[in-house]
Amino acid sequence: MPEYLVPETPASVRFPAAATPPGQPAPAGRRWGRWLLAAVALLLPLLLFGPQYLDQWLHKELEQQVANQTQGQYRLQVGELRTSLWQRSIWLRQVRLRPTAGQLADSLPRVHLDVARLRVQGVGLLALLRRGVVPIDSLVLDSAQLKVLALASKPAKTGSAPLHERLPLRLKGLRIAYLGLLSTQVVYRPGPDSARIERADLTGQHLLISAAGAADTQRLGYAAAWSLQLQRARGQAAGHRVRVAAAHLSTTRRLLQLDSLRIEPQRPYQPAHTQVDFALARLRLSGFDLAALQQRRRFRADSLHLQSPRLAARLMAQATAPGLGSAPAYLRQLHLAHLQIEQGAVEVTGADGYLKIHQLALLGAGLQYTPAVASDSARAFSAESWDVRLGPTQAAAAAHTLRLTSAQLSTRTRALTLHSVLIRPPAPGQGPPGAVRVSLTLPRLALRGLDANALQQRLLRADSLTLSNPRLHFTPPAQPPPPVWKLLSGVVRRSELGRFVVQNADIQFGGLRHAPTISGLFLTGSAIRIDSLAARMPARIAYARSWQARSGRITVPFDLPYYQAASQTMYLDTDARTLVFNTMSLTPKYSAAGMNRHKGYQAPAVSIRVRSLRAEGLDFAALVSRSDFRAARLTAQSPVVRIVSDGRGPINPNYSKVSPEQMRELPVLVDVRQLIIRNGNLYSSYRSPLTPIVGRLSINRFNGRFFNLSNDPGRQTAATPLTGRATTYLQNRCRLDAQVSMYLLDPQGRHRVWGAFGPGSFSLLNPMTVPTRLVRFKSGELRSLRFAMRADRRGVRGTTWASYSGLQLTLLNYGEEEIEKSLFSRIKSKLVNVVVIRDQNPRKRGKFETGQMTSTREPRFSMFTLWRQGIVSGLFHNVGVPQKLAQKLSESKDEAPLPR
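Definitions and cut-offs
Residues numbered from 1 in each chain as written. Predicted model: local features only at pLDDT ≥ 70, side-chain atom pairs only at ≥ 80, totals over all residues. Heavy atoms only, no water. Helix = DSSP H or I, 4+ residues; strand = E, 2+ residues; numbered from the N terminus. Rg over C-alpha atoms; globule rule 2.2 N^0.38 Å. Buried < 20%, exposed > 50% of the residue type's maximum accessible area, 1.4 Å probe, protein only. Contact = heavy atoms within 4.5 Å. Areas by Shrake-Rupley, 256 points an atom, 1.4 Å probe, with all protein chains shown as cover. Lys, Arg positive; Asp, Glu negative; His and termini not counted. Charge placed at Lys NZ, Arg CZ, Asp CG, Glu CD. Patch = residues over 30% accessible without salt bridge, like charges linked within 9 Å, V, L, I, M, F, W, Y side chains within 5 Å. Salt bridge = Lys/Arg side-chain N within 4 Å of Asp/Glu carboxyl O. Phe/Tyr/Trp six-rings, centres within 6.5 Å; stacked < 30°, edge-to-face > 60°. Lys NZ or Arg CZ within 6 Å of the ring centre and 35° of its normal.

Enquirer: I'd like a rundown of the overall build of the chain, residues and numbers included.
Expert: Scanning the chain for helices and strands turns up 13 helices and 42 strands. Computed over C-alpha atoms, the radius of gyration of the chain comes to 54 Å, more than 25% over the 29 Å expected from 2.2 N^0.38 for 900 residues, which places it beyond the range of a compact globule. Judged by the C-alpha coordinates and their principal axes, the chain covers about 235 × 50 × 40 Å. With 900 residues in all, the chain has 40% of them scored as buried. Long-range pairs, those at least 24 residues apart, make up 61% of the contacts in the chain with a sequence separation of at least 6. For the chain, the exposed surface amounts to about 50600 Å²; the carbon and sulfur share of it is 57%. Computed over 119 positive and 56 negative side-chain charges, the inter-centroid distance for the chain is 5 Å.

Here it is in structure tokens:
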């Protein structure tokens, strides 16, 4: 066999040291190595070239997603996008969002967005791939500009779904440790309303945008904390411009602060709109629980501090003030520990007036309000306490202006104090005609023991109200106003006041026929209650249990413009049922001649002065409620009456008011059980047309007591008439005792008077008869004169019994400004004394002559004139004058041209 045909094993052939037998698995170490080599072979090109393709893909995907979501109506442009898988981050630069069409869908707003930089770091890639809750370390948008040019007119299909249900890639949620929106500018002008924020910085901590985050009540907007900084924000809405220099909100510090807030109108005032001008230096709200407000509609905060707020508002013509305690409808509860306003100012102008407040300061503690629950009776207007201070304040309402220097209200001390209150009425000719007019100067008003908690129940309760040194001029309206309780019913349902005190007041009433003026008034009312029930309580007098008052001078016009009544002091006590006027007077404005000239007929000038007029047992309740004057006793102490008359001019054409039948015509009820007159004096002077010399007559030391002076049909009857007895002195020397019985409700005016004169001399009458009748009683002594008369509306009838002696008359003449005896008058005097006059009674033969009173009633003259006529006619007839002549002499009426 040839040699080259022999098989050989080459020395170079090598076999593995440990060959694996057929059918056995390879060793583990060798398989791991192969996988590692394969992974390196795959990752190396991915690491070298993958980010570039990923950035491009993600860039296009973002732009495509925006186009798809908006149906191609918006375009997203990203200037630069870089990702880092190693750092799990994404960087975007020059992001730009713009609408692509002029007309957008109704469900899309018109928005322009520019973002200089957007950075996302720490993205959980594995959670992203699994579409779970993706963690993100930070998401920051830097230098963004957002413009909202128009809002969607219709809601989008997913517009009402919460944010966590609208996440991209159907993610279950996002967990963002830090969210920042930095150096952002916002422009909002979708219509007439607009806003602009030059810089906004918004940061959020630990956001959980998921169903669990939305249900977490400790989170606000999915975040555990938010912080917002605004600078130079401005806008306009509802015809006003709004500016804020800076704003800060921090949910971690629970703080909201606004600096330099300003709201001002854009256009001139229009009556159909309300216009507001508001400025605020700083608003600081601390301890603010924003999460409770958003999720549970509960406003909770520690303090709200407003620095230097300035409000100027012009209300619309038909504006109505909101009710006290009003709150937004969505607010379920309000808790505010402390509210403070300092250096505030308010100016509100409306169609009916204005209000201006300067230096307003307010402190409120423990505010708690729940709209669904009735007001807490333990709180005053939803707060534990209020402290309000007002500086100079002005207001105008009902054509009146009000000013006060300062005011203080404290619910802790339960006190309200006003200083230097000034109310002024409209100028003459201005304001509604016939409306009420008030002029008031009040240095101090103090309300103590005020129950501010009851005010929210429309109940006014206080211990005392004190007015110090008020000066009031009050003119009531032409139409009688409603009762006080009805006037106050629009503000409070009931008023309860322990004491009402007026110190040293001066009060003047106008617009009334008898408008009084009161000076130095001190008034105290106790247990005052004002409501409809109290107005009907018989035990209350002008809504009070009792009143006490004293005053200085009181003046009242009487029979304008001819008389003025006055009292130097006054005192009343409703508990003691006493009313006292001291040093009363009635003073005429003109002389007797002036009265005649101004009235055009004879009218005496009457002046009266009374040391005191005292009413006891006075029914004040009837006096106040019905103007009825009921008293047990009325006493006039030392009255002095002076009647000055002038016989020149026609007789008064009006019926006299001083007559019995006039009691039936009184518009008020008068019931005086006992009328007492002590030490009265009447001085009468009369200027006859016959001579310019004035005749004088006096009635002195008048003391009388009269019973049942009443026009009450229940007390004044024919069986129980007015009765009385009086004692006085004619010319302070001749005594007169008289009695009267008078049924005041008799339509015929029937009554009886009887009495007696004497002793005295007939010459006592000369001071009156000589100048007025040119008759002198030359001699004659009156021992006694008794009379008894019956009078009615037709006249007087009666009898006189005169006992006298040595009666002689002298008839006189007047000439050359002197009263003298002429030859003719001496002859007439002799004839009268011899033929007519009986010189004595009883006659020499012992016969006693009586006189008959006969005189016709002149309704234009007073009842006292009728009595005088009866006595004169009876006396003349008693001394021998024929009855017809005696009657004529008693009824003589002096008439002459009016004095010049």
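Now, onward.
Enquirer: Before we move on, could you go through a nonpolar patch on the surface and cite the residues and values that matter?
Expert: A cluster of nonpolar side chains, contributed by Leu823, Ile827, Leu831, Val834 and Val835, occupies part of the molecular surface with about 530 Å² of accessible area. Checked against the element boundaries, Val835 lands in helix H11 (residues 823–836). Residue classification places Val835 among the exposed positions, given a relative accessible area of 64%.

Enquirer: So what about the pattern of salt bridges? Which residues, and what values?
Expert: Within the structure shown, the criterion is met by 40 salt bridges. Between Arg282 and Asp259 there is a salt bridge, and its shortest N-O distance comes to 2.7 Å. Here the residue Arg282 occupies a position in strand S10 (residues 275–286), and Asp259 occupies one in strand S9 (residues 255–265), the gap between them amounting to 23 residues. Assessed through its relative accessible area of 17%, Asp259 is described here as buried. The salt bridge partner of Arg838 is Glu849, with a shortest N-O separation of 4.0 Å. With a gap of eleven residues between them, Arg838 in the loop between H11 and strand S42 (851–856) and Glu849 in the loop between H11 and S42 connect regions that are remote in the sequence. The class of Glu849 is buried, set by a relative accessible area of 17%. Where salt bridges share partners, they join Arg241, Arg243, Arg262, Glu264 and Asp277 into one cluster.

Enquirer: Talk me through the packing of aromatic side chains; I want residue IDs and the actual numbers.
Expert: Within this structure, the stated rule accounts for nine aromatic pairs. Considering the side-chain rings of Phe288 and Phe299, the 5.3 Å spacing of their centres and the 40° angle between planes classify their relative orientation as tilted. In this pair, Phe288 is assigned in the loop between S10 and helix H4 (290–296) and Phe299 in strand S11 (residues 298–307), connecting sequence segments eleven residues apart. For the pair formed by Phe288 and Phe299, the shared burial category is buried. What links up through ring pairs into an aromatic cluster is the set Phe762, Phe777 and Tyr804. The side chain of Lys599 reaches across the aromatic face of Tyr562, ending 4.6 Å from its centre. Against the face of Trp801 rests Arg786, its NZ or CZ located 4.6 Å from the ring centre.

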